[in-house]
Amino acid sequence: AKRRLQVAPPWTPRSMTARRSGPRATRCVAACLLAACVASFSASVAFFMPSSGSSVDSKRAYAAFLRDFPVAAARGTYQDTPCDEATLTGRLQALSALVGEQATEMAEKEPIILLWGSEELRKSFLYLQGLEMEDGVTAKGAVLKNPKLLTVSQGEYERTKPSLSSLDLAASAFDSVRPLGPFGPFLFITAVFVSLLVAARLVGNFVRPLAEQITPNVEGLRPFELLQVFFP
């Protein structure tokens, strides 16, 4: 009788499997612990490190600039001043160092401020900060209402010597007519001028008869000159 060859079944002893899988499991656990440590360290660094300029939206600011200056944005220059997207983003980051995350809002209101150099904007802002008093008016509040205040040079401010309160009042007026579009300030100034003319006319018609009872020499006097008859 032929001897049948008995082939051993392809199985592995449990002890050998344990020896093989033991180092692999250890390596997996170590890798997981290392990944967790790295993630925890990264989160800690992101929490304690200040974010520089990450709160500003350069895309929104550039979209506003593209809306108001499409030709300059296409050329990348405006009167020999570079205005490509990378340059404008850098100026926006420098502006955010002065006013914080509201820099994007300012650039959307007046994209022209992105054409000014960072150092020029900083000098104007610091000068306005030097005008702050205890009346609660701040330079930041004024420039947020009217960002074009930063386009006035420090030398011009030193020459005209305006008060921060007057600048803030004018900025509030301009900001209130901003929804009217680019012609809002023009319409506001025109309305104020017409109102003054109408007021002067009414004053003249009302005061002239009273002034004639005091003095006969009222012919040819202007409305404000008539008031001097009562308030010399």
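For the structure, see preceding data.
Let me begin by describing the structure that accompanies this report.

Calculation notes
- Residues numbered from 1 in each chain as written.
- Predicted model: local features only at pLDDT ≥ 70, side-chain atom pairs only at ≥ 80, totals over all residues.
- Heavy atoms only, no water.
- Salt bridge = Lys/Arg side-chain N within 4 Å of Asp/Glu carboxyl O.
- Helix = DSSP H or I, 4+ residues; strand = E, 2+ residues; numbered from the N terminus.
- Buried < 20%, exposed > 50% of the residue type's maximum accessible area, 1.4 Å probe, protein only.
- 1 Å grid on protein atoms, 1.4 Å probe; cavity = no way out; pocket = protein on both sides within 12 Å on 5 of 7 lines; lining within 4 Å.
- Points joined across faces, edges and corners; volume = space filled by probe spheres on them.

Attention shifts here to the pattern of salt bridges. A complete count under the given rule lists nine salt bridges for this structure. Close ionic contact of Glu108 with Arg60 constitutes a salt bridge, the shortest N to O distance being 2.8 Å. With Glu108 in helix H5 (residues 103-109) and Arg60 in helix H2 (residues 58-68), this residue pair connects regions lying 48 residues apart in the sequence. Since its relative accessible area comes to 41%, Arg60 is described here as partly exposed. The partner of Lys148 in a salt bridge is Glu110, and the shortest N-O contact between them spans 3.9 Å. A residue pair is termed long-range when its members are at least 10 positions apart, and Lys148 in the loop between helix H7 (139-145) and helix H8 (154-160) and Glu110 in the loop between H5 and helix H6 (118-130) qualify at 38 residues. Residue Lys148 is classed as partly exposed on the basis of its relative accessible area, which comes to 40%. For Glu110, a relative accessible area of 14% puts it in the buried group.

Quick look at empty space enclosed by the protein now. Inspection of the entire model under this criterion finds one cavity of 30 Å³ or more. As for the largest cavity, its lining consists of Ser58, Ala61, Tyr62, Glu85, Leu88, Thr89, Leu92 and Leu114. The element that contributes the greatest number of residues to the lining of the largest cavity is helix H4 (residues 85-99), accounting for four residues.

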